Structures are given as structure tokens and as C-alpha cells.
Amino acid sequence: MNTLKVALLGAGNVGSEVARILIEDSEVLAARAGSKLELIGIAVRDTATKRGQHIAPELLTTEAEALVDQADLVIELIGGIEPAGSLVARALKRGSVVVTGNKALLAERGAELFQLARENGGHLGFEAAVAGAIPILRPINESLSGDRITKVMGIVNGTTNFILDAMDTTGADFADVLKQAQDLGYAEADPTADIEGFDAAAKAAILSMLSFHADFRLGDVYREGITSITADDVDAAKEAGFVIKLLAIAERLEDGVAMRVHPTLIPRVHPLGAVHGAFNAVFVEADNAGELMFYGQGAGGRPTASAVMGDLVSAVRRLTRGVGAAKDADEVVEVRSLDLKPLGIEHVMTSYCIGLTVTDRPGVLSRIAAIFAENGVSIEQMRQSRGNDEENQASVLRIITHRGSEQALAQTVASIRELDVVSRVNSVLRVEGN
Ligand SMILES: NC(=O)C1=CN([C@@H]2O[C@H](COP(=O)(O)OP(=O)(O)OC[C@H]3O[C@@H](n4cnc5c(N)ncnc54)[C@H](O)[C@@H]3O)[C@@H](O)[C@H]2O)C=CC1
Ligand SMILES: N[C@@H](CC=O)C(=O)O
Ligand code: NA
């Protein structure tokens, strides 16, 4: 049986699990792939750092470029743009198979790297980059390639779902839960990427590239993170029958694609409301297929390693069958502009849940309602409760709107802020699925 040389770059949460599988399951993998996979080295930043017992110290090296140059297959699990980008490009220029979980890199340099793979007969697998273990990119790129995708919406960041879920179910503190997510290997090396929505936005850009066949980037995605979500927001959502989730939404509009990531209220009975912990779920809507839902573990070393290994074995099967990567055009992502441009959030239709503290006196409600009417925004429900500021006779209003244009909704909030009877705009959250 033929033997192929595998270089692993990075031995962190995901890389160490990939190394374990390559070593422990070598016989099964060879049988599945049709070639033996020999792990020839693992590039790390510091060879002295203690690793799992399955990793023999002599496999470790700090010479990542030299390792790439000796390998047939390269697995990049360092993360970040550099040196990961240069190493991936180097491997693709050699015509190697590369598998990566690096969404930050793909959302910045994806088109260029796919092009390098095509030009040099290499292959770039990246199922691990979006929604961890869930097979989502291959279904979009292959199974749905004869359909027209109109919308993709989902929970694609495990860390923020873990945090929001814990705040919702146990009332846990944000910082404590973030620490747990880091300890469990869900968070990025810099967790700002998770909690400020950059990671989900990168995934939204990748999903959009594949779904809408255009070169979208991280910067094309409107982004809000979860750092401003308070325990009060979570409680108020709960009281109204909603749960707060960080959603990534990409939708095809008339002349482009609007991509956005923001905390969102969804009804507790919505299927996304039942996605707990670090699990992810993605809805895909297509003209002919209708609505599909993909669900599973979206983060963590082992689940992500599963997706990495799937890409690796698939690529090796093709090599073993003699389907050279260069002839493999259908498998290499085609980023071809269909003249679909990225659209800003002002183009979308959504609904808002607005929490206000107002002066409790006659005429206040009608002044607020008038602003909604002036902006053509219709109110679906309004609930008033007494605030805890008895002295100033404050009351708290929660208003949920019908769907309207983002522009009209934003203008409505801006005008409400100016009212002298509104002492505070407590929260403004978008609502989906109601
Ligand atoms: N942890 C997760 O749940 C998931 C992670 N990913 C992605 O997988 C990649 C790896 O993630 P993790 O394993 O969690 O990260 P990590 O931070 O645990 O591991 C990264 C490893 O790369 C090594 N490294 C850093 N700079 C290096 C260099 N210059 N040369 C060689 N090695 C270097 C680090 O020492 C560390 O061992 C990232 O792109 C991440 O976004 C994707 C899906 C899920
Ligand atoms: N940090 C990411 C890891 C997987 O992509 C997450 O929390 O989802
Ligand atoms: Na995946």
C-alpha cells in the first residue's frame, strides 16, 4: 500500500486531537483512504511544551516551512493569518493537499488560496472552519450545487452559545462562563474573536462564498458581539418567551447578499432556541430543497478533529483513485462572482425588541406610538411594567415591532432617544423567527 506523508502544523486543542487520531487509528484510516498516512512531524512554537502522551517528542519541530516541503498532505491548525497563510500558500504552490480549520484566514484570503489550489493541482479542505463537526460546507458546495440557496441562518459560534445558554439557564456570570469555554477548548486563542462576533462573521463570509458563489470577506459582514448583553436582557427575553442567541444570517436580496452577525431574540419554541452549550445549528433555505437544518457540536478539539479527518480521508481517497487534485475542479471551491455584491445591514427587513425606561404619566405612550407611525413601523406588542424608580414614577416599556426596514427601525430608535419622556433606552435587539 502506498504511503503519504502528513505534516501537522499546530498541536493545540484541535491539532493534538488530530495527532491522536492519526496515530491511534492509523490502520482504519489506511483502509478507508487506500493509502497509509504517515505523520512525519508536528510544527509547534515551542518544542519544550508538554504534549499528550500519544505525541512522541521527536515528532515536534519549530521548522514549519521545512516540514511543509517534505509533505504530501498538510494540516494547518495554527490559526490566525500569519504564519498560517504563508504556510498554506507554500503547500498549495507545491500542489499538496491542505486541510485547515482556519476561518479567519479563509474569510480574508480564501479566494486567493482556492485559486492557488486550482492553479497548482492542490486541494484545500476546510469543513472544520465552519460549525466544527457539522458537515455543512460540503452539503452546500456539493449536495445543493443544483439548487439556488436563498438564505443561511444559524448559530455558528460555540463559545458565545455556551455563554448565552449558561446566562439563560443558570444565571451564570459572563466572565466565569467565558473562562469555562476557554478551558473546554471552544474559544479562539484570543476570545475577543468569539465574543465580539468576528469568528461568527468569518464563518458567515465563508458560508456566503459557497452559497452565493462570490468572493465575500469578513469586512462585508455587519457584526455585533455579545459583550453588551446583560443579565437583565436575558431575563427580559425569558419573560417574553424568547432566548438570546448570536445568529449569523446571510440572505440573498434582489441585487446582492446581506450578511450579518448580531445577538438576536428568537422564540424559545424555535428549533434554534433548543441549541444548548457549544452546539451549533444552521438553517439553509433553497428554492427547490426548501428548508434544511444541520445540527451538531460546533467547537472543541475532538469534534473539530473529526471534520479535519473527514476532509483528509476524502482527499486521499481521490489521490489514491488517481483522480489528480488538478482534475478535481468540482471539489475545489469555485469562487466566481455572479455580480452579487455585499449589501449593508440597511438593506434588510427585520423586527426590533426595544426596552425603554419612560416617565409614567398620561400621553407618554401616544408620543412614542406617534414616532413609530411617522417612520412607518408597526408595533406587534407593547408591554408596560412599573420600573423600580418609584420617586420619578418611571415605568419600563417593552415594544416588539412587526418586520420593517432596518433603516426605518434604526430611525425610530434614534427619534425615541430624543424624547424628553424617555429616560433610557435599555436595549435594542433584533428579533427573528417570530
Ligand atoms: N477549538 C475549536 O473548537 C475550533 C478551532 N478551529 C480552528 O482551528 C485552529 C486551531 O484552533 P485551536 O487548536 O483551538 O487553537 P490553539 O490555540 O489551541 O492551538 C494553536 C496551536 O498552534 C501553535 N502555534 C502558534 N503559532 C505557531 C507557529 N508560528 N508555528 C507552529 N505552531 C504554532 C500553538 O502553539 C498551538 O499549539 C484555529 O484556526 C481555530 O480557529 C476551528 C473549529 C473549532
Ligand atoms: N471558537 C470557535 C471554535 C469553532 O469554530 C467557537 O467557539 O465556535
Ligand atoms: Na463543519
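Residues numbered from 1 in each chain as written. Chains lettered and ligands numbered in written order. Predicted model: local features only at pLDDT ≥ 70, side-chain atom pairs only at ≥ 80, totals over all residues. Heavy atoms only, no water.

- Under an unreviewed UniProt entry, the name given to the protein is Homoserine dehydrogenase, and the source organism is Neomicrococcus aestuarii.
- A UniProt comment under Sequence similarities (unreviewed entry) is attached to the protein, and it reads "Belongs to the homoserine dehydrogenase family."
- Its UniProt record, at the heading Function (unreviewed entry), says of the protein: "Catalyzes the conversion of L-aspartate-beta-semialdehyde (L-Asa) to L-homoserine (L-Hse), the third step in the biosynthesis of threonine and methionine from aspartate." (UniProt positions renumbered as here; feature names shortened; annotations may be inferred.)

1. Describing the UniProt feature "binding site: NADP(+)" (unreviewed entry) in the protein
Right, so step 1: In this numbering, the UniProt entry assigns the feature "binding site: NADP(+)" (unreviewed entry) to Leu9, Gly10, Ala11, Gly12, Asn13, Val14, Gly15 and Ser16.
Right, so step 2: Take Ala11: it is sitting in the loop between strand S1 (3–9) and helix H1 (13–24).
Right, so step 3: Beyond its immediate chain neighbours, meaning those up to four positions away, Ala11 contacts Ser16, Ile42, Ala43, Val44 and Arg51.
Right, so step 4: Position of Gly15 relative to the elements: it lies in helix H1.
Right, so step 5: A relative accessible area of 0% means that Gly15 is categorised as buried.
Right, so step 6: Gly15 has contacts with Leu8, Gly10 and Leu77, leaving out every residue within four places of it along the chain. (Helix = DSSP H or I, 4+ residues; strand = E, 2+ residues; numbered from the N terminus. Contact = heavy atoms within 4.5 Å. Buried < 20%, exposed > 50% of the residue type's maximum accessible area, 1.4 Å probe, protein only.)

2. Structural notes on the site of ligand 1
Right, so step 1: As a structural note, the neighbourhood of ligand 1 is formed by 23 residues, with Val14, Lys103, Gly185, Glu188 and Gly300 the closest of them.
Right, so step 2: One of the backbone N or O atoms of Asn13 is found 3.0 Å from an oxygen atom in ligand 1.
Right, so step 3: Within the contact set of ligand 1, a nitrogen atom lies 3.0 Å away from a backbone nitrogen or oxygen of Gly185.
Right, so step 4: Relative to its free-state accessible area of 830 Å², ligand 1 is covered by the protein chains to the extent of 85%.
Right, so step 5: Here the shell around ligand 1 is built from residues that sort into 10 nonpolar, 9 polar and 4 charged.
Right, so step 6: When residues are assigned to domains, the shell around ligand 1 turns out to be shared by domain 1 (3–135 + 301–338) and domain 2 (137–297 + 340–345), each giving three or more. (Near = heavy atom within 4 Å. Polar contact = N/O pair within 3.5 Å; in protein donor to acceptor, adjacent residues only side chain to side chain. Areas by Shrake-Rupley, 256 points an atom, 1.4 Å probe, with all protein chains shown as cover. Nonpolar A, V, L, I, M, F, W, Y, C, P; charged D, E, K, R; others polar. Domains from an automatic or database assignment.)

3. So, the domain arrangement of the protein
Right, so step 1: Taken domain by domain, the protein comprises domain 1 (3–135 + 301–338), domain 2 (137–297 + 340–345) and domain 3 (348–431).
Right, so step 2: For domain 1 and domain 2, the distance between their C-alpha centroids amounts to 25 Å.
Right, so step 3: Domain 1 puts 30 residues into the contact, and the matching count from domain 2 is 29 residues.
Right, so step 4: Across the contact surface, domain 1 and domain 2 share 3 salt bridges.
Right, so step 5: Across the pair Lys103 and Asp199 runs a salt bridge, and its minimum N-O distance is 3.0 Å.
Right, so step 6: Applying the counting rule to domain 1 against domain 2 returns 9 residue pairs in polar contact (both at pLDDT 80 or more).
Right, so step 7: At the level of elements, helix H5 (103–120) and helix H12 (301–320) are the ones that each hand at least two residues to the side of domain 1 that touches domain 2.
Right, so step 8: It is H5 that contributes the most residues to the side of domain 1 that touches domain 2, 7 residues altogether.
Right, so step 9: Along the lines of polarity and charge, the residues of the side of domain 1 that touches domain 2 split into 16 nonpolar, 6 polar and 8 charged. (Salt bridge = Lys/Arg side-chain N within 4 Å of Asp/Glu carboxyl O.)

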